[in-house]
Amino acid sequence: MPTKAEFNINIENYLRVQRDLIDRHFKTLLDDNKYTNPKELWDPVKYSLFNGGKRVRGILCLATYESIIENKLSCEDIDYDCKTVACSIELIHAMSLIHDDLPSMDNDDFRRGKPSNHKAFGEATAILAGDAMLSLAFQLVAENTKKISKEQKNEIVKFLSRAFTLGLVPGQILDLLPIKEKNNLKTIENIATLKTAELIKASVMCGASIANKYEANNPDIKKALSHIESFGLKIGVAFQIIDDILDVTSDTKTLGKTSGKDEKQNKSTYPFVIGIESSKKMAQDLVLDAKSELKRIPIESPVLYSLADYILNRIS
Ligand code: GRG
């Protein structure tokens, strides 16, 4: 039985509203000459920032923040800071996709239904655009927040930098291993955790961090953090499992990137190692587990339940 917290969210509507919020904030942050010249750099950056990404990670940051802060004193400046951090997260994610698409990595000509960054602007530019985006993510936390404390900034930088240095990059390195070295469940679970779940975990933890310090003395919120962390990791692995399944079951138009590529590139994925049905079951179990983490915290978080379901049921 769903609890009260699981009812009444129109998730498509919620996603659209939050996506618009992030897009508008991005435009405000980047509306500055220093992010216009040279256009040879900033046009490619904006190409990959405003090309139809789902903004799942930024939305998870906002949703976690909103769930914790709900019914308590909210403040425009803290909301602003949370949107800035959501943009930082989306910058890290978008740059990882640019680099992932490069010929020396996953070699994909399409992303989000359009030519991938290196196809549109060339390889050298794509690498440099990605570099600028990674560093801009941290610059925004330093320069474009109004209210969060130095300690909070440190915590956010720690979550995001660790997700990148100890998550995405090692996950990507392991993903490049020859198939015979990673064709087993334990290895693909490790890769999914590193390259996908760590950034999703960091997204919810950033949202919690921004809300938490605002409620610094609330022991319930402190206790909730470890459950929120597990929630993030579990939906993160489920996200990658669904991504692997969609690569097999969906088409290029729906996915916005080349479908069936994992098999063509002889990649070890969840469906390849355990089959589609077991992969689905594993993702369902992870999402159930993730929701039970939420049930252990004294916070009404209907939107986080709905986002967990969305991750399981998404079609692109
Ligand atoms: C910068 C040296 C350097 C390395 C970056 C390339 C890399 C390390 C990591 C790649 C990690 C990666 C591509 C993980 C896959 C995660 C994933 C499932 C991406 C798709 O996410 P969606 O569906 O994308 O949220 P949208 O397009 O909606 O934003």
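## Re the site of the ligand
Part 1 of the argument: The local shell around the ligand holds 19 residues, among which Lys54, Arg57, His93, His99 and Arg112 are the closest.
Part 2 of the argument: Separating an oxygen atom of the ligand from a side-chain N or O atom of Lys54 is a distance of 2.5 Å.
Part 3 of the argument: In this structure, an oxygen atom belonging to the ligand sits 2.7 Å away from a side-chain N or O atom of Arg57.
Part 4 of the argument: Computed on the free molecule, the ligand has an accessible area of 750 Å², of which 89% lies beneath the protein chains in the complex.
Part 5 of the argument: At the level of elements, helix H4 (76-101), helix H7 (150-175), helix H8 (185-214) and helix H9 (219-249) are the ones that each hand at least two residues to the shell around the ligand.
Part 6 of the argument: When residues in the shell around the ligand are grouped by element, the largest group, six residues, is from H4.
Part 7 of the argument: The residue inventory of the shell around the ligand, partitioned by class, reads five nonpolar, seven polar and seven charged.

## Some words on the packing of aromatic side chains
Part 1 of the argument: This model, assessed by the stated rule, comprises three aromatic pairs.
Part 2 of the argument: Aromatic pair Tyr35 and Trp42: ring centres 5.2 Å apart, planes at 70°, arrangement edge-to-face.
Part 3 of the argument: For the cation-ring pair, Arg57 lies above Phe239, with the distance from its terminal atom to the ring centre recorded as 5.0 Å.
Part 4 of the argument: Sitting above the plane of the Phe239 ring, Arg314 keeps its charged end 3.8 Å from the centroid.

## Side note on helix H6 (residues 123-143)
Part 1 of the argument: Between the first and last C-alpha of H6 there are 30 Å, a value that for 21 residues agrees with the 30 Å anticipated at 1.5 Å per step.
Part 2 of the argument: Of the positions making up H6, those classed as buried are Ala126, Ala129, Gly130, Ala132, Met133, Leu136, Ala137, Leu140 and Val141.

## Looking at the packing of H4 against H7
Part 1 of the argument: Contact geometry for H4 and H7: axes closest at 12 Å, N-to-C directions at 15°. Taken as axis vectors, H4 and H7 run roughly parallel relative to one another. With respect to the hand of their crossing, H4 and H7 are arranged in right-handed fashion. Two secondary-structure elements touch here, H4 through Val85, Ser88, Ile89, Ile92, Met95, Ser96 and Asp100 and H7 through Ile156, Leu160, Phe164, Leu168 and Gln172.
Part 2 of the argument: Of the residues in the contact of H4 with H7, the class split is eight nonpolar, three polar and one charged.

## Observations concerning the pattern of salt bridges
Part 1 of the argument: In the structure shown here, the tally under the stated rule is 20 salt bridges.
Part 2 of the argument: Among the ionic pairs, Glu229 bridges to Lys201, the shortest N-O distance being 3.5 Å. One end of the pair, Glu229, is in helix H9; the other, Lys201, is in helix H8, with 28 residues separating them in the sequence.
Part 3 of the argument: With a relative accessible area of 17%, Lys201 lands in the buried category.
Part 4 of the argument: Note that Glu277 and Lys280 form a salt bridge whose closest N and O atoms lie 3.7 Å from each other. Remark: Lys280 and Glu277 occur in helix H13 (residues 276-295); sequence separation between them is three residues, near one turn of the helix.
Part 5 of the argument: When salt bridges with common partners are traced through the structure, they connect Asp106, Asp108, Asp175, Lys182, Lys195, Lys261 and Lys267 into a single cluster.

## Remarks on H13
Part 1 of the argument: Counted at 1.5 Å a residue, the expected span for H13 with its 20 residues is 28 Å, and the 29 Å between its end C-alpha atoms agrees.
Part 2 of the argument: Taken as a whole, H13 has its buried residues at Ser279, Ala283, Leu286, Val287, Ala290, Lys291, Glu293 and Leu294. Take H13 and look down its axis: the buried residues cluster within an arc of 150°, on one side only. Across from the buried face of H13, at angles greater than 90 degrees, the exposed residues are Glu277 and Leu288.

## Focus: the state of the cysteines
Part 1 of the argument: This structure, assessed with the given rule, holds zero disulfides.
Part 2 of the argument: With no disulfide of its own, Cys87 lies 9.7 Å from the sulfur of Cys61, the closest cysteine sulfur.
Part 3 of the argument: Its relative accessible area of 0% is what places Cys87 among the buried residues.

## Topic: the side chain of Ser259
Part 1 of the argument: As for its position among the elements, Ser259 is in the loop between helix H10 (252-255) and helix H11 (261-264).
Part 2 of the argument: By relative accessible area, Ser259 is classed as buried at 16%.
Part 3 of the argument: Discounting chain neighbours no more than four positions away, the residues touching Ser259 are Asp247, Ser250, Asp251, Thr252 and Lys264.

## Focus on the environment of Ala126
Part 1 of the argument: Here Ala126 shows up in helix H6.
Part 2 of the argument: Judged by its relative accessible area of 0%, Ala126 is buried.
Part 3 of the argument: Residues Ala126 and Met95, 31 residues apart in the sequence, show an inter-C-alpha distance of 9.0 Å.

## What about a nonpolar patch on the surface?
Part 1 of the argument: Among the surface-exposed residues, Met105, Val169, Ile173 and Leu176 lie close enough to one another that they form a single nonpolar patch of about 330 Å² accessible area.
Part 2 of the argument: By secondary structure assignment, the location of Ile173 is in helix H7.

## A closer look at the side chain of Ser268
Part 1 of the argument: As for its placement among the helices and strands, Ser268 is situated in the loop between H11 and helix H12 (270-274).
Part 2 of the argument: Since its relative accessible area comes to 6%, Ser268 is described here as buried.
Part 3 of the argument: There is a polar contact of 3.0 Å between the side chain of Ser268 and the backbone oxygen of Lys182.
Part 4 of the argument: Beyond its immediate stretch of four places on either side in the chain, Ser268 contacts Ile179, Lys182, Asn183, Asn184, Ile188 and Val273.

What counts and how
- Residues numbered from 1 in each chain as written.
- Predicted model: local features only at pLDDT ≥ 70, side-chain atom pairs only at ≥ 80, totals over all residues.
- Heavy atoms only, no water.
- Near = heavy atom within 4 Å.
- Polar contact = N/O pair within 3.5 Å; in protein donor to acceptor, adjacent residues only side chain to side chain.
- Areas by Shrake-Rupley, 256 points an atom, 1.4 Å probe, with all protein chains shown as cover.
- Helix = DSSP H or I, 4+ residues; strand = E, 2+ residues; numbered from the N terminus.
- Nonpolar A, V, L, I, M, F, W, Y, C, P; charged D, E, K, R; others polar.
- Phe/Tyr/Trp six-rings, centres within 6.5 Å; stacked < 30°, edge-to-face > 60°.
- Lys NZ or Arg CZ within 6 Å of the ring centre and 35° of its normal.
- Expected span 1.5 Å × (residues − 1).
- Buried < 20%, exposed > 50% of the residue type's maximum accessible area, 1.4 Å probe, protein only.
- Axes fitted to C-alpha atoms, helices over the stretch in contact; angles between N-to-C directions.
- Parallel < 35°, antiparallel > 145°, perpendicular 65-115°, else oblique.
- Left-handed = near helix turned anticlockwise from the far one by under 90°.
- Contact = heavy atoms within 4.5 Å.
- Salt bridge = Lys/Arg side-chain N within 4 Å of Asp/Glu carboxyl O.
- Arc of directions from axis to C-beta.
- Disulfide = S-S within 2.5 Å.
- Patch = residues over 30% accessible without salt bridge, like charges linked within 9 Å, V, L, I, M, F, W, Y side chains within 5 Å.

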